[in-house]
Amino acid sequence: NELGVWVDYYLKHIWPKKGLARKPRFAWLTWEVAYGRASITPKTRAYIESKGVEIVGEEFIPYVPTDVSAQLLRLKEKGVDFTFGGMYQNAYAVVLKEMDKLGMIDQIDAGLCYAIVPGVLLDMVGPLARNTYIVSNIWPVDEWAKRAPKVLEVFNKNGRDKMGFPPEGYAM
């Protein structure tokens, strides 16, 4: 679902601003673990292609990366416009710092699953996160009363706010 939301958002809000007369080029840029590979399925490939997007590859980031230049250079060589994947902010920070070194930070828009904590990522990389989009399948906590009242009701009923449990994790 998150991959589909990202592709739809990208095609509606970002791609038209590029002004390019060709199909957008997509690649997975994700962790080399089950969580990272979870969105790579025949159905997701078919969905992406049904939207007129060219899938040009998959690049995998080690669980604890130190050098991701080879993966990024392959994306650059293929002219990738946007990516999707799943990894935590500590791994993604390595990716963004290397993208900056390679002059790619403003060439590729990256979509990532909900598991990245935006504030922590921004603390780690600051403005290097400017072309990063984090998708989520839950409403922000401050909107629960209006959009997800049952989640808020159960959260409060179970006293989770007193236990220090992160509300986002509870909703998932």
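Every chain's residues receive numbers from 1 upward, in the order its sequence appears when written. Totals for whole chains, interfaces and linings use all residues, but because this is a predicted model, local features are given only for residues with pLDDT of at least 70 and pairs of side-chain atoms are given and counted only at 80 or more. Water and hydrogen atoms play no part in the side-chain values, which are based on all heavy atoms of the structure.

**Some remarks on the pairing of strand 4 (residues 109-112)**
- Each residue gets one of three labels from its accessible area relative to the maximum for its type: buried under 20%, exposed over 50%, partly exposed in between, using a 1.4 Å probe on protein chains only. Here a strand is any run of E in DSSP of at least two residues, a helix any run of H or I of at least four, and the numbering for each starts at the N terminus. Side-chain alternation along strand 4 places Asp109 and Gly111 on one buried face and Ala110 and Leu112 on a second face that is also buried.
- Only when DSSP finds a minimum of two bridges between them are two strands counted as paired. Pairing between strand 3 (residues 82-85) and strand 4: four bridges, direction parallel. Looking at the pairing, Phe82 lines up with Asp109 of strand 4.
- Seen with its strands pointing away from the viewer, a crossover is right-handed if its path from the first strand over the helix to the second goes clockwise. In this region the chain leaves strand 3, passes through helix 5 (residues 89-101) and returns to the parallel neighbour strand 4; the handedness of that crossover is right-handed.
- Note: strand 4 against strand 5 (residues 132-134), three bridges, orientation parallel. Bridging from a neighbouring strand, Gly111 pairs with Tyr133 of strand 5.
- In the classification by handedness, the crossover that spans strand 4, the intervening helix 6 (residues 118-125) and the parallel strand 5 is right-handed.

**Section: the pattern of salt bridges**
- In what follows, salt bridge is the name for a side-chain nitrogen of Lys or Arg lying within 4 Å of a carboxyl oxygen of Asp or Glu. The final tally for this structure, using the stated rule, is ten salt bridges.
- The salt bridge involving Arg22 is made with Asp81; its shortest N-O contact spans 2.7 Å. Placement of the pair is Arg22 in the loop between helix 1 (2-18) and strand 1 (25-31) and Asp81 in the loop between helix 4 (69-78) and strand 3, with a sequence separation of 59 residues.
- Of the residues examined, Arg22 reaches a relative accessible area of 29% and is grouped as partly exposed.
- A salt bridge links Asp106 to Arg130, with the nearest nitrogen and oxygen atoms 2.8 Å apart. Of the two residues, Asp106 sits in the loop between helix 5 and strand 4 while Arg130 sits in the loop between helix 6 and strand 5, which places them 24 residues apart along the sequence.
- When its relative accessible area of 42% is taken as the criterion, Arg130 is described as partly exposed.

**Considerations on the sheet that holds strand 5**
- A sheet is described by the order of its strands in space; here five strands give the open sequence 2-1-3-4-5, paired in parallel fashion. What marks the edges here is a single partner per strand, and that holds for strand 2 (54-61) and strand 5. Averaged over all pairs of adjacent strands, the angle between their axes in this sheet comes to 20°, without regard to strand direction.
- Judged from the three bridges that link them, strand 1 and strand 3 form a sheet pairing that is parallel. Orientation is described by lines fitted to C-alpha atoms, with helices fitted over the stretch in contact, and by angles between N-to-C directions that extend from 0 to 180 degrees.

Shape descriptors only; they carry no functional weight alone.
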